[in-house]
Amino acid sequence: MAEDEQSSIEPRSFLACVTELAQLLGVGDVGIEPENRHARHLAHAVRKPLLGRASLPDEWFVPLMAAAAYDPDPSFCRWFVEPAVYAFGRRRVMAALVDYLQVGTDAERAGAVRAWYSAHVPLRADRSPAYGPGGVRDPALDESQDIKGAWLEVSLRVFAETTDLQMRHRVLLDLPTARAAYPPPLHELLESTLVSARAHPDPHIRRWAAAADRKGV
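1. Describing helix 6 (residues 106–118)
The end-to-end C-alpha distance of helix 6, which contains 13 residues, comes to 19 Å, matching closely the 18 Å that a straight helix rising 1.5 Å per residue would cover. Of all 13 residues that make up helix 6, eleven are buried, and the element is covered over most of its length. What helix 6 keeps buried is the set Ala 107, Glu 108, Arg 109, Ala 110, Gly 111, Ala 112, Val 113, Arg 114, Ala 115, Trp 116 and Ser 118. Contact partners of the buried residues in helix 6: helix 3 (61–70), helix 4 (78–88), helix 5 (90–103), helix 7 (145–161) and helix 8 (165–172).

Spelled out as structure tokens, the structure:
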């Protein structure tokens, strides 16, 4: 389900992102429609040619990640994350999402949270020529354990710093509740987050803390 009503991301911003990608790919106009529908149709038009390329120009990375962050639909933002992962590597994609979460606007932070799940997309030979016969992939492109740790840290810090309840939901409720999922340097920050979450007036946040307590965090 789209989050148009819940997100501060405007359809026009998403339209600008996919229009830029369409221009880079040479995809023609798909017709005049209301802005949000037009953006989705453009997104559909660029998906196949994006995945059909074994590589993409480096200057396409920023527009791809912008489209991923500004797509208001958590299901469809994968259309931009997936080709970015194949072309540029999981590490670079995840690092870009961490940057959005750390220094972006609330709208960009929300988009980064939506896109983070898709950044874990499995790499399959039938999805990109890069994985076909003779395809070569540098393993370093997809090494991301430290980036995942950075995502956990930034998420916990955004939870502590923001006063927006919706943003607190976004960054906290999808985080793991087991201490083992957090690198040791983050345990102190996790503990302080739990103290705040246990006493939070929002029941969903308290439920997250209770789940962590049951797992012995």
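Now that the structure is up, let's keep going.
2. Details of the nonpolar core
Counting residues in each nonpolar core, the largest one holds 63 residues, and the members touching the most others are Phe 80, Val 93, Leu 97, Trp 151 and Trp 208. Among the elements that take part in this core, helix 3 stands out by supplying eight residues, more than any other. With residues near it in sequence (within four places) discarded, Phe 80 still touches Phe 14, Val 18, Leu 21, Ala 43, Val 46, Leu 64, Ala 67, Ala 68 and Asp 71.

3. Brief notes about the packing of aromatic side chains
On inspection of all chains with the given rule, the structure shows four aromatic pairs. Taking 5.2 Å as the distance between ring centres and 75° as the angle between the ring planes, the aromatic pair formed by Phe 61 and Phe 88 counts as edge-to-face. Note that Phe 61 is positioned in helix 3 and Phe 88 in helix 4, a separation of 27 residues in sequence. By relative accessible area, Phe 61 is classed as buried at 7%. For the cation-ring pair, Arg 168 lies above Phe 159, with the distance from its terminal atom to the ring centre recorded as 4.6 Å.

4. Here's the deal with the side chain of Ser 144
Positionally, Ser 144 belongs in the loop between helix 6 and helix 7. In this structure, Ser 144 is in contact with Arg 90, Arg 91 and Met 94, ignoring residues within four places of it in sequence.

5. Remarks on the packing of helix 9 (residues 187–198) against helix 10 (residues 203–214)
Running from N to C, helix 9 and helix 10 cross one another at 130°; their axes reach a closest spacing of 8 Å. As the angle between them shows, helix 9 and helix 10 are arranged oblique. For the element pair helix 9 and helix 10, the recorded crossing hand is left-handed. Residues Leu 190, Thr 193, Leu 194, Ala 197 and Arg 198 of helix 9 lie in contact with helix 10, whose contacting residues are Ile 205, Arg 206, Trp 208, Ala 209, Ala 212 and Asp 213. In the contact of helix 9 with helix 10, the residues fall into seven nonpolar, one polar and three charged.

6. Examining the environment of Ser 118
Structurally, Ser 118 can be placed in helix 6. The exposure class assigned to Ser 118 is buried, which follows from its relative accessible area of 5%. Separated by 33 residues in the primary sequence, Ser 118 and Val 85 have C-alpha atoms spaced 9.3 Å apart.

7. Focus: the pattern of salt bridges
The full count for this structure, using the stated rule, is eight salt bridges. In this structure, Asp 71 and Arg 40 form a salt bridge, with 2.7 Å as the shortest nitrogen-oxygen distance. Taken together, the positions of Asp 71 in the loop between helix 3 and helix 4 and Arg 40 in helix 2 (residues 35–51) put the pair 31 residues apart, joining distant regions of the chain. A salt bridge links Arg 198 to Asp 213, with the shortest nitrogen-to-oxygen separation between them at 2.8 Å. Separated by 15 residues along the polypeptide, Arg 198 in helix 9 and Asp 213 in helix 10 bring together distant segments of the chain. The partly exposed category is assigned to Arg 198, whose relative accessible area is 37%. Using a relative accessible area of 35% as the deciding quantity, one classes Asp 213 as partly exposed. Each of Arg 47, Arg 78 and Glu 82 takes part in a single network of salt bridges with overlapping partners.

Thresholds, definitions, all that
- Residues numbered from 1 in each chain as written.
- Predicted model: local features only at pLDDT ≥ 70, side-chain atom pairs only at ≥ 80, totals over all residues.
- Heavy atoms only, no water.
- Helix = DSSP H or I, 4+ residues; strand = E, 2+ residues; numbered from the N terminus.
- Expected span 1.5 Å × (residues − 1).
- Buried < 20%, exposed > 50% of the residue type's maximum accessible area, 1.4 Å probe, protein only.
- Contact = heavy atoms within 4.5 Å.
- Core = buried A, V, L, I, M, F, W, Y, C linked by side-chain atoms within 4.5 Å.
- Phe/Tyr/Trp six-rings, centres within 6.5 Å; stacked < 30°, edge-to-face > 60°.
- Lys NZ or Arg CZ within 6 Å of the ring centre and 35° of its normal.
- Axes fitted to C-alpha atoms, helices over the stretch in contact; angles between N-to-C directions.
- Parallel < 35°, antiparallel > 145°, perpendicular 65-115°, else oblique.
- Left-handed = near helix turned anticlockwise from the far one by under 90°.
- Nonpolar A, V, L, I, M, F, W, Y, C, P; charged D, E, K, R; others polar.
- Salt bridge = Lys/Arg side-chain N within 4 Å of Asp/Glu carboxyl O.

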